[in-house]
Amino acid sequence: MKNLLFIAVTIFLPFYAFSQSNCKTLPAHYSSYSAAINQIRSAKFSFNEQANTSRSSFIKSAEYFSCDGEIGFLIIGLKDKQYIHK
């Protein structure tokens, strides 16, 4: 049983590790806001924070993603749109 588990982990772990982009290899330009947001959310970041926006009637979500904790991406969600700032 241990051998079977080891083989399964050995086979599937590399696929999982490479399915996520590294935050340092993200492109500088995207074809659309949704493409940028999808790639950023699926990338691996060393720092990721979500703000509690429940008390705001205007801002529905706020997320920050960064490789180094200083420079990164801010995604703001409003009622029907999401905006991103680098």
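Residues numbered from 1 in each chain as written. Predicted model: local features only at pLDDT ≥ 70, side-chain atom pairs only at ≥ 80, totals over all residues. Heavy atoms only, no water.

1. Observations regarding the packing of aromatic side chains
Move 1: Under the criterion given, the structure shown has four aromatic pairs.
Move 2: A ring pair is formed by phenylalanine 47 and tyrosine 64, whose centres lie 5.9 Å apart and whose planes are at 65°; its orientation type is edge-to-face. Of this pair, phenylalanine 47 sits in strand 1 (residues 47-51) while tyrosine 64 sits in strand 2 (residues 61-66), placing them 17 residues apart in sequence.
Move 3: Linked through ring pairs, Phe45, Phe65 and Phe73 together constitute an aromatic cluster. (Phe/Tyr/Trp six-rings, centres within 6.5 Å; stacked < 30°, edge-to-face > 60°. Helix = DSSP H or I, 4+ residues; strand = E, 2+ residues; numbered from the N terminus.)

2. Considerations on the environment of cysteine 67
Move 1: Tracing the chain through its elements places cysteine 67 in the loop between strand 2 and strand 3 (72-77).
Move 2: Note on cysteine 67: relative accessible area 24%, which makes it partly exposed.
Move 3: Between the alpha carbons of cysteine 67 and asparagine 22 there is a distance of 8.9 Å; along the sequence they are 45 residues apart.
Move 4: The residues contacting cysteine 67, other than those within four sequence positions of it, are Cys23, Lys24, Phe45 and Ser46. (Buried < 20%, exposed > 50% of the residue type's maximum accessible area, 1.4 Å probe, protein only. Contact = heavy atoms within 4.5 Å.)

3. Quick notes on the nonpolar core
Move 1: Membership of the largest hydrophobic core is limited to nine residues, which are Cys23, Leu26, Ile37, Ile40, Ala43, Phe45, Phe65, Phe73 and Ile75.
Move 2: For this core, the secondary-structure elements that each account for two or more residues are helix 2 (33-42) and strand 3. (Core = buried A, V, L, I, M, F, W, Y, C linked by side-chain atoms within 4.5 Å.)

4. Description of the environment of lysine 44
Move 1: Checked against the element boundaries, lysine 44 lands in the loop between helix 2 and strand 1.
Move 2: On the basis of relative accessibility, which here comes to 41%, the residue lysine 44 falls in the partly exposed class.
Move 3: Expressed as a C-alpha distance, the spacing of lysine 44 and serine 66, which sit 22 residues apart in the sequence, is 9.2 Å.

5. Digging into the state of the cysteines
Move 1: Counted under the stated rule, the structure contains one disulfide.
Move 2: With a sulfur-sulfur separation of 1.7 Å, cysteine 23 is cross-linked through a disulfide to cysteine 67. Of this pair, cysteine 23 sits in the loop between helix 1 (2-19) and helix 2 while cysteine 67 sits in the loop between strand 2 and strand 3, and the two are 44 residues apart along the sequence. (Disulfide = S-S within 2.5 Å.)

6. Re the sheet that holds strand 1
Backbone hydrogen bonds hold the strands of a sheet together, and the pairing may be parallel or antiparallel.
Move 1: Spatial strand order, 1-2-3-4: four strands in an open sheet with antiparallel pairing. In this open sheet, the two edge strands, each paired with only one partner strand, are strand 1 and strand 4 (82-85). Between one strand and the next, the sheet's axes are offset by a mean angle of 15°, whatever the strand orientation.
Move 2: Relative to strand 3, strand 2 is paired through six bridges, and the arrangement is antiparallel. Bridged to glutamate 63 within strand 3 is isoleucine 75. (Pairing = 2+ DSSP bridges. Axes fitted to C-alpha atoms, helices over the stretch in contact; angles between N-to-C directions.)

By themselves, these are just geometric observations and shouldn't be taken as functional.
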